[in-house]
Amino acid sequence: MWTVRNLVNQIDTLFSGGADAPGHYQSLTRNIIITMLVVTILPLTVMGVLNHFQYGRHLRGELITPLASSAGKAKHSFELFFEERLSTVRFIANAYEYEDLLDDHTLNRLLRVLKTELGGFVDLAIINADGDMVNYAGPYNLKGKSYTSQRSFQEVLIKGSYISTVFMGHRKIPHLVVAVQRYSDEETNWIIRATIDTDRFYKLLGTIGLSPQSDAFLVNSDNILQTHSTYYGKTLEPCRLDIPTGSQNTLITEATDAKGRQLLLACSGFGNADYTLVIATPRSVVMRSWYALKSDALLVYAVSLLIIIFMVIKMAGALVKRIKESDERREIALTELQHTQKLSSIGRLAAGVAHEINNPLAIINEKAGLMEDLVAAGEDFSQKERFSQLTAHIITSVSRCKTITHRLLGFARKLDTVMEPLHINHILKETFGFLEREALYRQIEVRLSLDPNLPTISSDRGQLQQVFLNLLTNAFAAVEDGGVVSLTSAPGPEEGLLVTVKDNGCGMSEEVSKRIFDPFFSTKKENGTGLGLSISYGIIHKLGGSITLATQPGEGTQFTVTLPQNPPTDTQGSPEP
Amino acid sequence: MTTHILLIDDEQEFVTTLAERLDMRGFSTATAADGESGLAMIRETTWDVVILDLLMPGMSGLETLRHIREITPGLPVILLTGHGSTREGMEGMQLGAVDYLMKPLAIEELLEKLKEAVNP
């Protein structure tokens, strides 16, 4: 469980695009990667495995058939060989009378003919019904020996003919015996018996045409080798492989030899003798092409897997990056909207309050004015001067209040916009004109950098003046005497233009810069209403532009205003509340 | 000769005080608390100038102005607005008002406008 969690965490850190990415995007990336990997790799793997087994089974059949066919053919050759020997002996038994064959000369002649015509014959013997060898032609003097106890004698009495398994003869050469029983006219039986060496076996086995790692040999039903085997023992030794004998059909089985080699065995039992032909081939030889195919397929699978993983990770990364960017854009738009809504609701509230206060303010103004008039017109009294001073103060204070209430009302309703074609540089020069005296007085260096090739834009002259006056006033307030304020105009995005107001003054903290466009937020203590920048913000947005700032505490502030060439269509002021 | 001024405003404390101040300056003033009574007084008597508040309950300032224009097209009207919007002021100007002033008033400004209205 822990390792899985660690692995997941590692995937997260690998593909989340850095430590600062929020967990949401990390898990999103992870989920996309896992889902995409599962839906691509799982079908590929399932298909691969299914194909592997299906094709493997098919190919095995294709490869095993030739082996079985070789074994079948070889078996038939052997059967034919035995049948031929047996027929020959049977022919002699039928062609000659018992008495004829008792003649040494005849028997020797027969043996000689057999040796030259057929080959492999070692001796010929005639055995009477009592099991005594009555005549013999061959290299040994076996005449007179009794064969009653020999298996070949008993078998031939029962079956009429017999082909023995291989045994070591007197000459220490492996050979076998073919015997046929014959009844003479006097209803007495006798047997003719021929010994054959096994040289021909190797010729027959050689015709199969096996690969060097393969082996072909004969065993009997007791799993005793009847021929030499290259790998599994010598003649008459027990075979070191477990051979399934007894079936006359060709049987394909698998086995493992003492060296651990995986073998395919093709076994085919003979119908006329107790022999089973065995072809042992290492699996690797038969299945070589299958293994080659398998390793090729595995390579293709591994490469596809790597490509899939690489692409999935790349794509998931790109996808999540897109999502993240669009989320961020939405976030910004939402903040903007909230800000606008905040401005508008605060504006309405402020307008309501200002309107309610404005009327009593007018009354106070008139009452104080009347008091002033009365004092001025009346006779002198001791406190007359003081009195007129006080009323004058009241009137001044009312005037200050009026400024505030009118600004509030202006902020809420905004003056109706009057669109006209104008040159921004004219407006900037005009606006700067208001502050020229202050600049001179405070020795503030104002750097004007106005692009003379700017297009004419359609906008509201008065409102733009208000905005730039506000920005310039703020800049002047921010710098020390002798500071620098730069005013720049330049082409902006989408055929619009760009105005920057930059100062090298005190700058502001991030905290302050975040709230700088909020209504009633002021850094000027008693001297500011906290409305200037929020009004400017509202005006510029209404005119279809934007206003942003860049600031560093102690290094200064730069406000950037963009304006479109043509304002949006819905700039005609909001309806009266 | 005395200048006769009619002040139409629903805010009694304001309008009476202003009337008194103007009286002290040699004008002859009368007040009306709403548009209807103001129009009635215009029909009855001849006035030199009307000072009209735009924001009133009942008949609005602009509505009253339209009626004044119908009754006595040449009568100079100075508008008072209680709020920062210039739109109604501008609309009033288009209807033939001499000028518009924002409350609270500076008396000197009003006197200036009165002078302009009487002697164009």
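All values reported here derive from a predicted model rather than from experimental measurement. (Residues numbered from 1 in each chain as written. Chains lettered and ligands numbered in written order. Predicted model: local features only at pLDDT ≥ 70, side-chain atom pairs only at ≥ 80, totals over all residues.)

Visitor: So what's going on with the confidence of the model for chain A? Which residues, and what values?
Guide: When the pLDDT values of chain A are averaged, the result is 83; 92% of them are 70 or greater. pLDDT under 50 marks residues 571-577 of chain A. Its contacts with residues more than four places away, or in other chains, come to 12 contacts. (pLDDT = per-residue confidence, 0-100. Contact = placed C-beta atoms within 7 Å.)

Visitor: Please set out the nonpolar core residue by residue, giving values where relevant.
Guide: Looking at soluble globular proteins, one finds that nonpolar side chains tend to be buried together. Ile192, Leu265 and Val278 of chain A are the most contacted members of the largest nonpolar core, which totals 58 residues. The residues contacting Ile192 of chain A, other than those within four sequence positions of it, are Val89, Ile92, Ala93, Leu101, Ile126, Val180 and Arg182 of chain A. (Core = buried A, V, L, I, M, F, W, Y, C linked by C-beta atoms within 7 Å. Buried ≥ 20, exposed ≤ 12 C-beta atoms within 10 Å, placed from the backbone.)

Visitor: Summarise the confidence of the model for chain B; cite the residues concerned and give the values.
Guide: When pLDDT is averaged across chain B, the result is 88; 95% of the residues are at 70 or more. Predicted complex metrics record ipTM = 0.89 and pTM = 0.44.

Visitor: Explain helix α2 (residues 35-44) of chain B to me, and be specific about the residues and the numbers.
Guide: Residue and element names in this part refer to chain B. For α2, every residue scored as buried is listed here: Gly35, Gly38 and Ile42. All buried residues of α2 project into a common sector of 65 degrees when viewed along the axis, lining one side. Across α2 from its buried face, at more than 90 degrees, point the exposed residues Ala40, Arg43 and Glu44. Elements that come into contact with the buried residues of α2 comprise β1 (4-8), β2 (28-32) and α3 (61-71). (Helix = DSSP H or I, 4+ residues; strand = E, 2+ residues; numbered from the N terminus. Arc of directions from axis to C-beta.)

Visitor: Residues and numbers for the sheet that holds strand β16 (residues 546-552) of chain A, please.
Guide: Residue and element names in this part refer to chain A. Within the open sheet, the five strands sit side by side as β12-β14-β15-β17-β16. Their pairing is mixed. Two strands close off the open sheet at either side, each with one partner strand: β12 (445-450) and β16. When the angles between neighbouring strand axes are averaged without regard to direction, this sheet yields 10 degrees. Both strand β15 (residues 497-503) and strand β17 (residues 556-563) contribute to a ladder of seven bridges, which runs antiparallel. Residue pairing in the sheet places Val501 in a bridge with Phe559 of β17. Here helix α10 (residues 424-442) sits on the sheet and contacts β12, β14 (484-491) and β15; the angle it forms with β14, its principal contact strand, is near 175 degrees. (Pairing = 2+ DSSP bridges. Axes fitted to C-alpha atoms, helices over the stretch in contact; angles between N-to-C directions.)

Visitor: How would you explain the sheet that holds strand β4 (residues 77-81) of chain B if you had to name every residue and give the values?
Guide: All names here are of chain B. The sheet built from five strands is open, its strands ordered β2-β1-β3-β4-β5 with parallel pairing. The open sheet has two edge strands, β2 and β5 (99-102), and neither has a second partner. The sheet shows a mean angle of 20 degrees between the axes of neighbouring strands, taken without regard to direction. When β1 meets β2, the two strands line up parallel, connected through five bridges. What sits directly across from His4, in β2, is Ser28. Packed on one face of the sheet, α2 meets β1 and β2 and runs near 160 degrees to β1. Its contacts with the sheet put α3 on β1, β3 (49-53) and β4, and the angle it makes with β3 is roughly 155 degrees.

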